Amino acid sequence: MADNNENEEYKPLKLKSMIGYSGNIPHSFFKHPDGKHLVYVLGSTIVINDVTKSEASKDFLLGHSNSISCMDISKSGKYIASSQVTHMGFQADIIVWDFETRQQYRKFSIHKGKVQSLAFSCNDRYLITLGGQDDNTIVVWDIEKGKAICGVPASKDSDGIALNICSYNLHENCFASCGISTLRVWEFDAEKRKAQMFDINMGQIKRVIECCVVDSNDEYMYCGTTTGDLLKINLHTKLFRQSGPPKERFSLGIISILLVPDSDKVIVGSGDGTVAMMKTTGKMNIINKVKIEGKVTSLCFDNKKRILAGTSTSSLYMIDLKTFEATLKNTCHFSEVNDVCFPENCSSIFATASNNDIRIWNILNCEELLKITVPNLHCKCLTFNKDGNSLITGWDDGKIRAFGPQSGRLQWEINDAHKNCVTALTVSNVINNYRDYKIISGGDDGCVRVWGITKNYQVLENNLKEHKGTVTCIKIKKNDKECVSSSADGSTIFWDLERHVRSQVVFAPSFLKAVVYYPDESQILTSGTDRKVAYWESFDGSLIREIEASQSDAINGLDITADGKFFVCGGSDKLVKVYRYEEGDSVYIGVGHSTEITKVIMSPDQQNIISISVEGAIYIWEFPEKVDLHTFDAIEEEQSLLLHNSITN
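Residues numbered from 1 in each chain as written. Predicted model: local features only at pLDDT ≥ 70, side-chain atom pairs only at ≥ 80, totals over all residues. Heavy atoms only, no water.

Labelled according to an unreviewed UniProt entry, the protein appears under the name Cilia- and flagella-associated protein 52, originating from Piromyces finnis. Turning to the protein, the UniProt record has this under Sequence similarities (unreviewed entry): "Belongs to the CFAP52 family." (UniProt positions renumbered as here; feature names shortened; annotations may be inferred.)

Put into structure tokens, the structure is as follows:
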């Protein structure tokens, strides 16, 4: 029988910091009007970073139940508005946040499926929201009253699909919408609760417009298209004026636009990573340009001399307006993070593996120390050797590669370590004075293989084939005489590493995702798609108990504290949970991830929990309990002393 001891009086885990930025969302990065804060989206969270403080000072706005789809900041900086994606047929929440208090001020729900775009009016009084393709409505909200003023269809089915909206800078009751074969300006009457639409006369020109912005005098509107040209629209006559640049268009379209105040210049960001400054008068020629990595999804001013450009590869660049040179300011993962690990007895740095690269981070300031990329390959697992002088990684081409943690250089590689993909890795202690050690690897072919690693060569010592499915996790005992492996076929096998045979096997009716030894290695914990964490006896493989750790989804990550009093888990329910080992109840829960958690790990000093997820985010949580790091060391010393005395006597 499974225990269902979900503690209703749990405490929230404190989120210390997070690494990540959802750069694939258009206009997801802003510099606050006060000039002191950067505001950006990470999954379902809005991060507010104070750049004036020497140490990283971040506040987190948590309230969305799914990934944020759009965000805007009011002209005065008083409010932040954000909305999300939700399931088909369900209403997507729109939240207006008070910037000073960092609290939710208003919450609206009317659009179904998704909110495509939103914008504040020039006086912060109104919020205009645009629903997604399945909703296709524009709603104007009164922020103070917390009510909708009016709602109108964004376009007829034959007119195209609206993709973006922008407000005027002088007229609070005017805004524009653009999209696929549609470009309109709107004027609403708050008292009569009606909105009037005016189509822009484009003549014979047909475009898919992805972004639009109105100048400071509400005289012209500039629109970026997928064909790579910038359109200039006269808002008084509601006629197409001209387009540019005249000779060369931007590859993969214009995705973001930023007007330079008090000048005749505009800065555009394109799909191929080009950031260019153009003239808004004359022939709209390009003045200067620079190319950065990824689609340029966000543009904002850092100060009068510099701009910030956010890209789809979750990188942030600083561009000097005078020289137009780009400097990489910040970067992070932009795809699923598959694995995370710490070096032995070192809690200040950790490494992560994603589908695109490997990165080593400083946990104190969340800065990237090293980035390793192997083109067109995905890293599935990684671990440090016990000395910390090699970062050993498993890849989807079946190879095991070792890199220098400081230089990032390839030290050695094992070809065809597994048939298709290396999915799990662990390392033994150093064997001799020559610093030799062993690697135990698992693959999607179900094999567990033991490798001897020396300074000059790497050799296969044994191939253990009993799993019928992908090997998901491998842990090794402290004395290196036994290891345990979990598999997608529901089996957990104890391997004798001296005789290279199976010593014990246990079965669970689930796709097992993680396994971990209890600190004294008398028991193991397993978790998987059955939503349960199971306790097993290492000696005979008998099931001790099961805890239902999730009400709905799989448990993907599992780790235990050094004193064995707590274990932490995370999975597809997007929650990080801390359980008491003996009582089997949850005492702390961390909320923040917007997609499923792929792994959780305790830092060696037992002060932090690292959780990684499909969205590419890395969350650092403060572990609130004090952990005795030497509990089991003292027990082992006492047992060794008793054994020594019994032998000598």
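This is not the end of the story, as more comes after the structure.
Asker: Looking at this model, I keep getting lost on the overall build of the protein. Mind explaining?
Answerer: If you tally the helices and strands in the protein, you get one helix and 58 strands. Rg of the C-alpha trace for the protein: 28 Å, near the compact-globule value of 26 Å for 649 residues, within the 12% margin. Projecting the C-alpha coordinates of the protein onto the three principal axes gives extents of approximately 105 × 55 × 45 Å. Split into buried and exposed, the 649 residues of the protein put 56% on the buried side. Put simply, of all contacts in the protein between residues at least 6 apart along the chain, 43% involve residues at least 24 apart. When the accessible surface of the protein is summed, it comes to about 28,300 Å², and 46% of that surface belongs to carbon and sulfur atoms. For the protein, the distance from the average position of its 70 positive side-chain charges to the average position of its 82 negative side-chain charges is 8 Å. (Helix = DSSP H or I, 4+ residues; strand = E, 2+ residues; numbered from the N terminus. Rg over C-alpha atoms; globule rule 2.2 N^0.38 Å. Buried < 20%, exposed > 50% of the residue type's maximum accessible area, 1.4 Å probe, protein only. Contact = heavy atoms within 4.5 Å. Areas by Shrake-Rupley, 256 points an atom, 1.4 Å probe, with all protein chains shown as cover. Lys, Arg positive; Asp, Glu negative; His and termini not counted. Charge placed at Lys NZ, Arg CZ, Asp CG, Glu CD.)

Asker: Where do I start with the environment of Ile-601 in this structure?
Answerer: With respect to the helices and strands, Ile-601 occurs in strand S56 (residues 597-602). Placed 522 residues apart in sequence, Ile-601 and Tyr-79 show a C-alpha to C-alpha distance of 36 Å.

Asker: Even after reading the chapter, I still don't get the pattern of salt bridges, so can you show me in this structure?
Answerer: For side chains bearing opposite charge, pairing can occur when the charged atoms are close. The tally for this structure, following the rule as stated, stands at 27 salt bridges. Between Glu-248 and Lys-289 there is a salt bridge, with its nearest N and O atoms 3.2 Å apart. Of this pair, Glu-248 sits in the loop between strand S23 (239-244) and strand S24 (254-259) while Lys-289 sits in strand S27 (residues 286-291), and the two are 41 residues apart along the sequence. A salt bridge links Lys-438 to Glu-461; its shortest N-O distance comes to 2.4 Å. With Lys-438 in strand S41 (residues 437-443) and Glu-461 in strand S43 (residues 458-465), the pair connects residues that are 23 residues apart, well separated along the chain. What emerges from the salt-bridge pattern is a single network uniting Asp-397, Lys-399, Arg-401 and Glu-413. (Salt bridge = Lys/Arg side-chain N within 4 Å of Asp/Glu carboxyl O.)

Asker: In this structure, what is going on with unusual backbone geometry? I would like to understand it.
Answerer: Note: most peptide bonds trans; most residues except glycine with negative phi. Cis geometry is found at the peptide bond from Gly-244 to Pro-245, where omega equals -5 degrees. Looking at the secondary structure, you find Pro-245 in the loop between S23 and S24. At Cys-366, a position not held by glycine, the phi torsion is positive, near 60 degrees. By relative accessible area, which is 10% here, Cys-366 ends up buried.

Asker: What is the right way to read the sheet that holds strand S46 (residues 491-496) from this model?
Answerer: One key point about sheets: their strands pair by backbone hydrogen bonds, in either a parallel or an antiparallel sense. Reading across the sheet, the four strands line up as S44-S45-S46-S47 and stay open at both edges, with antiparallel pairing between neighbours. Two strands close off the open sheet at either side, each with one partner strand: strand S44 (471-476) and strand S47 (501-507). Across the sheet, the axes of successive neighbouring strands diverge by a mean angle of 20 degrees, strand direction being ignored. Where S46 meets S47, six bridges bridge the pair, whose relative direction is antiparallel. The partner of Ser-491 across the bridge, within S47, is Phe-507. (Pairing = 2+ DSSP bridges. Axes fitted to C-alpha atoms, helices over the stretch in contact; angles between N-to-C directions.)

Asker: Where do I start with the sheet that holds strand S39 (residues 410-414) in this structure?
Answerer: Taken together, four strands build an open sheet; the order of strands is S36-S37-S38-S39 and the sheet is antiparallel. Two strands lie at the open edges of the sheet, namely strand S36 (379-384) and S39, each paired on one side alone. Averaged over neighbouring strand pairs, the angle between their axes works out to 20 degrees when direction is ignored. With four bridges joining them, strand S38 (residues 400-403) and S39 adopt antiparallel strand pairing. Across the sheet, the residue bridging to Phe-403 is Leu-410, located in S39.

Asker: In this structure, what is going on with the UniProt feature "repeat: WD" (unreviewed entry) in the protein? I would like to understand it.
Answerer: Here, UniProt's "repeat: WD" (unreviewed entry) annotation points to residues 108-151, 464-505 and 590-631. As annotated, residues 108-151 comprises 0% helix and 64% strand, and the C-alpha atoms at either end are separated by 13 Å. Within residues 464-505, the helical portion is 0% and the strand portion 60%, while the C-alpha atoms at the span's ends are 13 Å from each other.

Asker: It is not clear to me how the domain arrangement of the protein should be interpreted in this structure. Could you clarify?
Answerer: Size of an interface: often given as the accessible area lost when the parts come together. When the domains of the protein are assigned, the result is domain 1 (338-505) and domain 2 (508-537 + 548-644). Computed from C-alpha atoms alone, the centre-to-centre distance between domain 1 and domain 2 is 20 Å. On the domain 2 side, the residues contacting the 31 residues of domain 1 number 26 residues. Each partner contributes to the roughly 2,200 Å² buried at the junction of domain 1 and domain 2, and carbon and sulfur atoms together form 67% of this total. (Domains from an automatic or database assignment. Buried area = accessible area lost by both parts, 1.4 Å probe.)

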